Amino acid sequence: MKKLLGILVLGLLWSGPVVASCSDFLDFSWKFVGKDRVTHVNSSNAHYAEFTFKSTSDKTIRINFVRLTTADGKIVKKDEYVDFYIKPFGKDSDLMYGMKSLNLDVVTSGGYSCRFENQPAKKTSTTNSNKSNNTEESPALVLLVVFAIIGFIIYKLVGSKNNPDSNFTSKSQPASSKYQVSPNKNLQKNTVKILSVKEFNKKIKNYIPSHQVASLPRIGDVEGQEFQCGCGKSHIMNFNQHYFIADGGIYKAVFLSPACGYLNALKLKGPMTTGIKNLCSTKYLANKPKYGFNDYPDIAGSIDKYFK
Ligand SMILES: [Zn+2]
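Residues numbered from 1 in each chain as written. Predicted model: local features only at pLDDT ≥ 70, side-chain atom pairs only at ≥ 80, totals over all residues.

Q: I'm lost on the overall build of the protein in this one. Help?
A: Looking only at helices and strands, the protein has 4 helices and 15 strands in total. For the protein, buried positions account for 27% of its 308 residues. Look at the contacts in the protein between residues 6 or more apart in sequence, and 60% of them connect residues 24 or more apart. (Helix = DSSP H or I, 4+ residues; strand = E, 2+ residues; numbered from the N terminus. Buried ≥ 20, exposed ≤ 12 C-beta atoms within 10 Å, placed from the backbone. Contact = placed C-beta atoms within 7 Å.)

So this is what it looks like as structure tokens:
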């Protein structure tokens, strides 16, 4: 009897202070999507895997990684994140690339890892007393951040060398992150050519609309880079907010930015350049038939894919 009581008390103590896990607050789902990045498809037609998180927590949750696994738990593909945060009661999603080159028959489930963590403050003034943030970070993480900053500075230096006519300097932006929307007022201002939709149509008449391209151009690594938009601001490339509309070959592509209402023909990068260059822009005429475009190339059909 004493033994039984002991077990009972131990059991009660054991189950007492249950610490809620971040995953208890995340409504997680994943699916395969086609090359338009939107349509849900089966694994044989998958170009991407989309992972979606909806938070019911009043705290910020950081997603460490997402992964696809086999029935016996082996990892087929894993994407690790440095700065993927779900804000309080927020939602967000991310695309995993490279599904075309994987045998997805073996994938039975998708998963993720998370932890409660505040998003590091965007650098405003470094003298602020946020030292407490650093105390919990592991040395490896600190090293990673240091390398990221060094890499970024080198990247900026190389970029400014290769584009002598741009005002892109390494001074103004010491650090960057995927979600840091920091329109640098000096950045290539007034260099964006704004065309009428007819002129724009002429410029891109040899482009292939995204829903007609046989294989997606290799544009995966431009996410996180800044580009000048026809709206006069600069944006951070993110395929959830800037839709891939047409492929012009040789790293050229048209993107639609529905939030500000501009179509931009961008040169993503090439052997001799870094960064994204704006070739020309036009206002997005959302209410015009075919958005003001001609029948060929079928730009309207490509845009429709994102809204239907
Ligand atoms: Zn814009």
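After that view, the rundown keeps rolling.
Q: I would appreciate a short explanation of the nonpolar core in the present structure.
A: Most often, soluble globular proteins have nonpolar side chains that are buried together. Counting 27 residues, the largest nonpolar core has Ile245, Val254 and Phe255 as its most contacted members. Setting aside anything within four residues of it in sequence, one finds Val254 in contact with Ile204, Tyr207, Ile245, Ala246, Leu263, Asn264 and Ala265. Membership of the second largest hydrophobic core comes to 23 residues, among which are Cys22, Phe25, Leu26 and Met99. (Core = buried A, V, L, I, M, F, W, Y, C linked by C-beta atoms within 7 Å.)

Q: Is there a simple way to think about the sheet that holds strand S6 (residues 91-96) in this case?
A: Two modes of strand pairing occur in sheets, parallel and antiparallel, and in both the strands are linked by backbone hydrogen bonds. Strands sit in the order S1-S2-S6 across an open sheet of 3 strands; the sheet is antiparallel. Taken across any chain shown, the strands that pair with only one partner, and hence form the sheet edges, are strand S1 (26-33) and S6. Each adjacent strand pair in this sheet contributes to an overall mean axis angle of 15°, direction not counted. Where S1 meets strand S2 (residues 48-55), 8 bridges bridge the pair, whose relative direction is antiparallel. The residue of S2 that forms the bridge with Val33 is Tyr48. (Pairing = 2+ DSSP bridges. Axes fitted to C-alpha atoms, helices over the stretch in contact; angles between N-to-C directions.)

Q: Where do I start with the sheet that holds strand S12 (residues 243-249) in this structure?
A: Spatial ordering of the open sheet is given by S8-S15-S14-S13-S12-S9, a layout of 6 strands whose pairing is mixed. The open sheet terminates on both sides in strands that have one partner only, identified here as strand S8 (194-195) and strand S9 (208-209). With 2 bridges connecting them, S9 and S12 associate as antiparallel partners. Residue pairing in the sheet places Pro209 in a bridge with Ala246 of S12.

Q: Even after reading the chapter, I still don't get the environment of Glu199, so can you show me in this structure?
A: Inspection of the secondary structure puts Glu199 in helix H3 (residues 197-203). Glu199 sits 81 residues away from Cys280 along the chain, and the two C-alpha atoms are 9.8 Å apart.

Q: Where do I start with the confidence of the model for the protein in this structure?
A: A low pLDDT score tells you not to read the predicted coordinates there in detail. Summarising the model, the protein shows a mean pLDDT of 79, and 69% of its residues fall at 70 or more. Throughout residues 125-137 the model reports pLDDT below 50, and contacts reaching past four residues in sequence, or to other chains, amount to 3 contacts. With pLDDT under 50 throughout, residues 159-189 is counted as low confidence; its partners more than four residues away or in other chains account for 44 contacts. (pLDDT = per-residue confidence, 0-100.)

Q: How do you make sense of the pairing of S12 when you look at a structure like this?
A: Each regular strand shows side chains that alternate between the opposite faces of the sheet. Among the 7 residues that make up S12, 6 are buried, leaving the element largely enclosed by the rest of the structure. Here 5 bridges tie S12 to strand S13 (residues 252-257), and the two strands are oriented antiparallel to one another. Within S13, the position partnered with Ala246 by the bridge is Val254.

Q: What am I meant to see in unusual backbone geometry here?
A: Backbone geometry follows two general trends: most residues other than glycine have a negative phi, and most peptide bonds adopt the trans configuration. Cis rather than trans, the peptide bond between Tyr296 and Pro297 has omega equal to -5°. Counting through the fold element by element, Pro297 comes out in the loop between strand S15 (277-283) and helix H4 (299-307). The backbone of Phe89 sits at a positive phi, close to 55°, despite the residue not being glycine. Inspection of the secondary structure assignment puts Phe89 in the loop between strand S5 (85-86) and S6. We note that Tyr251 has phi near 65°; this positive angle belongs to a residue other than glycine. Mapped onto the elements, Tyr251 comes out in the loop between S12 and S13.

Q: I tried to follow H4 on my own but got confused; where do I start?
A: Along an α-helix, residues three or four positions apart point the same way, because every turn accommodates 3.6 residues. Here H4 has its buried residues at Ile299, Ser302, Ile303 and Lys305. Buried residues of H4 fall within an arc of 145° about the axis and therefore sit on the same side. (Arc of directions from axis to C-beta.)

Q: What am I meant to see in the environment of Pro88 here?
A: Tracing the backbone shows Pro88 in the loop between S5 and S6. Its 12 C-beta neighbours within 10 Å are what place Pro88 among the exposed residues. In sequence terms Pro88 and Lys54 are 34 residues apart; their C-alpha atoms lie 9.6 Å from each other. Aside from chain neighbours lying at most four places away, what touches Pro88 is Ser55, Ser57, Asp58, Lys59 and Thr60.

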